[in-house]
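# Structural features, examined
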Amino acid sequence: MTLFGFLFITLGITSFLISAIGLLRMPDLYSRIHAGAKSPTLATLFIVLGAIFLEPAWAPKLLLLAFFILATNPLSSSVIARASHKADLPYLDTSGVDGLKAYDEDASKGEK
């Protein structure tokens, strides 16, 4: 059990490292939000799983923690991206298509 615990913790640390590299390498805010939300969520879950293997008595609390991380981390990154889009922060999309803007315009027409 100890071996599996340390293996999952090592996987979590590696995932955090990859996320940090992604934050430094990505060109715009929206890509950085993606790198800063998806990989750390996985890394945190790996570390929680490793802690469960190391201390099985903590499993209920750690599973509750994992649930809250799964529920809040993607949601918060989505809210930050949406607020950034509404603030007209630039992004590196050369297609000229803004799907969220079209969605917002259609939604506002439906409300009138």
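This text gives an overview of the structure that appears in the document. A quick note: this is a predicted structure, and the numbers were derived from the prediction, not measured. (Residues numbered from 1 in each chain as written. Predicted model: local features only at pLDDT ≥ 70, side-chain atom pairs only at ≥ 80, totals over all residues. Heavy atoms only, no water.)

In this section: helix 2 (residues 29-54). With 26 residues, helix 2 should reach 38 Å at 1.5 Å per residue; the first-to-last C-alpha distance of 37 Å fits that figure. Those residues of helix 2 that sit buried are Y30, I33, A35, A37, S39, P40, T41, A43, V48, G50, A51 and I52. Where the residues of helix 2 are buried, they touch helix 1 (2-25) and helix 3 (59-86). (Helix = DSSP H or I, 4+ residues; strand = E, 2+ residues; numbered from the N terminus. Expected span 1.5 Å × (residues − 1). Buried < 20%, exposed > 50% of the residue type's maximum accessible area, 1.4 Å probe, protein only. Contact = heavy atoms within 4.5 Å.)

In this section: the nonpolar core. For soluble globular proteins, nonpolar side chains are generally found buried alongside one another. In terms of nonpolar packing, the biggest core is built from six residues, these being V48, A51, I52, A59, L62 and A66. Excluding its chain neighbours within four sequence positions, the residues that come into contact with A51 are I9 and L62. (Core = buried A, V, L, I, M, F, W, Y, C linked by side-chain atoms within 4.5 Å.)

The next subject is the side chain of D28. Assignment of secondary structure puts D28 in the loop between helix 1 and helix 2. Buried charged residue D28 carries no salt bridge. Nearest counter-charge: R32, at 6.9 Å. A distance of 2.7 Å separates the side chain of D28 from the side chain of S31, its partner in a polar contact. In this structure D28 touches Y91 and L92, once residues within four positions along its chain are discounted. (Lys, Arg positive; Asp, Glu negative; His and termini not counted. Salt bridge = Lys/Arg side-chain N within 4 Å of Asp/Glu carboxyl O. Polar contact = N/O pair within 3.5 Å; in protein donor to acceptor, adjacent residues only side chain to side chain.)

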